[in-house]
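Okay, here's what each chain looks like letter by letter:
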Amino acid sequence: MLELVVFSSLNGVLYGMLLFLLASGLTLIFSMMGVLNFAHASFYMLGAYFGFQISRYIGFWPGLVVAPLLVGVIGALVERYGLRTVHKHGHVAELLFTFGLAFIVEELVQMVWGKIPVDYRIPGALNFSAFTLFDTTFPAYRMFMLLMSIGIFLGLLVLLTRTRVGLIIQAALTHPNIVGTLGHNVPLVFMMVFGVGCGLAALAGVIAGPALVTQPAMAASLGPILFVVVVVGGLGSLSGAFVASLLIGLIQTFAVALNISLADVMAHLGVTLTRESFGGDLWMATVAQVAPIIPYLLLVLVLIFRPHGLMGNRDT
Amino acid sequence: MKQGTMQFLRAAALAAAASLASFGAGAQNIKIAYIDPLSGGGATIGEHGLKHLQFLVDTINAKGGVLGGQKLEAVAYDNKGSPQESLVQVQKAIDAGVRFITQGNGSGAAIAISEFISKYNERNPGKEVLYFNYAAVDPALTNEKCSYWHFRWDANSDIKMAALTNFMKDRKEIKKVYIIGQDYSFGHAVRGAAVAMLKQKRPDIQVVGDELHPLLKITDFTPYITKIKASGADSVITGNWGNDMSLLLKAAADAGLQVNWYTYYAGGAGGPTAIKQTGLDHRVFQISEWHTNVPSPSMEAFADSFLKKYGGDSGQGWWYLRMKNQMDMFAGALNQAKSADPKKVAVALSQMKFKNELGAETFMRASDHSLFQDMYISSFGSGTKHDEEKTGWGWKTMGVIKAQDTVIPTSCKMVTPS
């Protein structure tokens with residue numbers, strides 16, 4: 001049991017930190033520009049594919065640096081020449097723009113790299129087990145993913161709370177109009193934030209790619225979870241996104257470990273439910289089986305009972 | 001972009017070759033539509049299955065084709081692994097004039113296709129379509145949901161589980177078993193059969209886990225492996241296929257999980273590589289109709305020539321003797337019927353006896369249209385003649401179940417059209 005708790009916690013935190021790498025950029029963009037960037041996970045996918053391609057020529061480590069930079073530049077260009085043009089038609093147009101972009105990126109990726117997963121390998125230097133606990137090994141690469149994302153998180157924290165740029169971004173987060181009125185070049189800040197956000201997503205892609213299968217469906221399967229993180233965490237709150245990322249990472253990992261079903265709960269209350277009862281499989285489904293939808297349940301509940309999210313200060 | 005360019009060139013070359021071929025042969029070709037996942041979590045095995053079909057069609061055509069010179073032609077449709085999308089693609093194939101359809105990956109899709117074709121044939125007499133199933137093994141397909149227009153070349157899940165549990169029965173070291181499977185009709189069938197048969201054959205074995213996970217959606221099985229580890233299981237039974245098998249084994253390798261695996265499809269894409277990484281030498285078992293180390297000079301040569309042509313970087317070789325049986329029998333039925341009319345082909349197929357490439361007898365049972373053939377239990381490890389995915393490890397036969405011993409009753413009430 002202790003073993004299950006320790007490893008589930010480790011994996012949950014790891015998954016949560018990866019989510020945060022994506023959610024941090026998304027929440028910054030969402031809060032400042034009011035754009036729910038549907039294509040955010042596509043930049044994550046681009047990061048993975050760029051990382052894969054670069055790793056084939058010059059190795060994994062250069063890819064770790066080059067791929068996020070490239071994707072960051074692409075992100076900035078998308079903001080400058082795409083979003084900014086669409087901006088004058090309002091948020092709905094922006095939303096639709098990013099929605100379309102996500103499909104275009106997926107199609108492009110399929111055309112260039114094919115529909116089947118690419119063979120993106122863990123670098124040789126990290127292909128060993130970091131430690132063994134209760135007879136279970138923990139791969140060094142996972143340790144690297146964990147440390148890497150914690151490192152980025154700390155860097156982001158310092159940038160936002162200890163620098164002038166961070167100050168402006170923070171101000172723009174909560175009061176975008178006032179920052180503009182004060183004479184700061186808000187469009188430039190937007191472009192930079194969009195670019196850095198996309199770069200962070202790409203970085204997550206580069207490090208997650210070898211461990212979590214680099215395939216054209218990776219963006220579509222991760223995208224919806226990101227929205228859950230942003231909404232649950234709360235608009236305009238990076239710390240909220242951080243807490244929500246960890247929460248969802250842990251929920252998804254631990255839910256898999258739980259075999260309790262509604263029927264079991266009701267049995268304790270003296271009510272016997274079987275597959276034949278009204279509702280059928282609903283009673284018998286274990287928490288493990290419904291694990292994939294738990295985040296969405298959380299999303300719906302948060303929107304009803306706490307519309308500004310766990311730590312947000314504006315309504316979603 | 002090297003790989004991308006290569007893929008593009010390859011696709012362009014294939015397209016050019018295909019259009020040339022069809023141009024040359026005109027409308028004479030007998031088309032067979034391949035409807036399987038070519039994108040998504042099942043794409044890796046879907047793509048490789050398509051290469052199997054293409055290779056078989058090429059082989060048959062090179063020997064002079066069928067019906068005294070007509071050529072076969074494979075056409076691919078991507079069903080994305082989904083039953084709904086399968087029906088869209090079947091309709092598309094029918095609209096394009098295809099009368100023979102083959103599919104294998106996923107019993108959910110298989111049941112949908114079989115029901116669709118039955119209805120279609122009922123409404124369109126004279127334009128019948130046949131469905132050749134090379135791998136979807138939900139027992140329902142040849143029992144309560146059987147159809148005259150559906151033919152299956154693989155042993156159904158209950159037959160495979162009976163063979164696996166008979167093998168497990170005598171292995172005294174098995175004490176605790178964990179069952180993990182995909183959450184859809186086939187996964188449910190595997191789990192149900194495993195629990196029932198173990199209870200009957202080895203009541204002392206404790207089932208410590210009974211898990212179903214979403215089909216072809218999971219990219220990291222680590223939480224499941226953690227759970228298997230914590231359960232104290234010494235053996236795992238799984239019917240997983242595609243990425244769900246290779247990623248499960250990969251996560252097990254990463255966590256250093258030391259158990260014996262009793263599987264249906266550990267030999268699929270990426271499986272052998274992951275097993276090698278686990279270091280479990282001859283501790284992963286598979287039940288199948290064939291593996292590369294079944295002694296047979298002609299089949300070994302056939303598999304070698306496929307590997308040479310399509311193996312590529314991954315080193316993935318021939319998997320499906322059953323698809324070869326299917327296409328050889330299809331060609332035989334066309335010749336026997338002296339016609340490409342699906343109705344006449346179905347009559348020829350429905351009780352065909354066939355000696356396969358191994359020289360072994362197989363037979364199609366008329367009462368449920370399922371093929372019975374010898375089944376092999378094999379283990380994966382070192383010291384074999386042929387290896388898989390360039391791992392140096394290969395499959396070794398642990399037991400053979402003769403075709404007549406795999407026959408189990410069917411509840412199918414076949415409706416033969418007049």
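Residues numbered from 1 in each chain as written. Chains lettered and ligands numbered in written order. Predicted model: local features only at pLDDT ≥ 70, side-chain atom pairs only at ≥ 80, totals over all residues. Heavy atoms only, no water.

With that settled, the discussion passes to helix H14 (residues 294-305) of chain A. All names here are of chain A. With twelve residues, H14 extends 16 Å from end C-alpha to end C-alpha; this agrees with the ideal 16 Å at 1.5 Å per step. Residues of H14 that are buried: Ile294, Pro295, Leu299 and Val302. Looking straight down H14, one finds its buried side chains confined to an arc of 145 degrees; they lie on one side. Relative to its buried face, H14 has exposed residues pointing more than 90 degrees away, namely Leu297, Ile304 and Phe305. As for H14, its buried residues are in contact with helix H9 (218-233), helix H10 (238-257) and helix H13 (287-290). (Helix = DSSP H or I, 4+ residues; strand = E, 2+ residues; numbered from the N terminus. Expected span 1.5 Å × (residues − 1). Buried < 20%, exposed > 50% of the residue type's maximum accessible area, 1.4 Å probe, protein only. Arc of directions from axis to C-beta. Contact = heavy atoms within 4.5 Å.)

Moving on, we come to the domain arrangement of chain B. Residues and elements named next belong to chain B. Split by domain assignment, chain B resolves into domain 1 (2-155 + 298-372) and domain 2 (158-288). Between domain 1 and domain 2, the C-alpha centre-to-centre distance is 29 Å. At the junction of the two partners, domain 1 supplies 19 residues and domain 2 supplies 16 residues. The junction of domain 1 with domain 2 conceals about 1,400 Å² of combined surface from both sides, 66% of it contributed by carbon and sulfur atoms. Taken together, the links from domain 1 to domain 2 amount to one salt bridge. Among the ionic pairs, Asp154 bridges to Lys160, the shortest N-O distance being 2.9 Å. There are two residue pairs in polar contact (both at pLDDT 80 or more) connecting domain 1 and domain 2. (Domains from an automatic or database assignment. Buried area = accessible area lost by both parts, 1.4 Å probe. Salt bridge = Lys/Arg side-chain N within 4 Å of Asp/Glu carboxyl O. Polar contact = N/O pair within 3.5 Å; in protein donor to acceptor, adjacent residues only side chain to side chain.)

This paragraph deals with the packing of helix H11 (residues 321-337) of chain B against helix H12 (residues 342-350) of chain B. Residue and element names in this part refer to chain B. Two elements in contact, H11 and H12, have axes separated by 8 Å at closest approach and are oriented at 115 degrees. One element, H11, and the other, H12, form an angle in the roughly perpendicular class. As H11 packs across H12, the resulting crossing turns out to be right-handed. Residues Met329, Phe330, Ala333, Leu334, Gln336 and Ala337 of H11 pack against Lys344, Val345, Ala348 and Leu349 of H12. Within the contact of H11 with H12, the residues separate by chemical class into eight nonpolar, one polar and one charged. (Axes fitted to C-alpha atoms, helices over the stretch in contact; angles between N-to-C directions. Parallel < 35°, antiparallel > 145°, perpendicular 65-115°, else oblique. Left-handed = near helix turned anticlockwise from the far one by under 90°. Nonpolar A, V, L, I, M, F, W, Y, C, P; charged D, E, K, R; others polar.)

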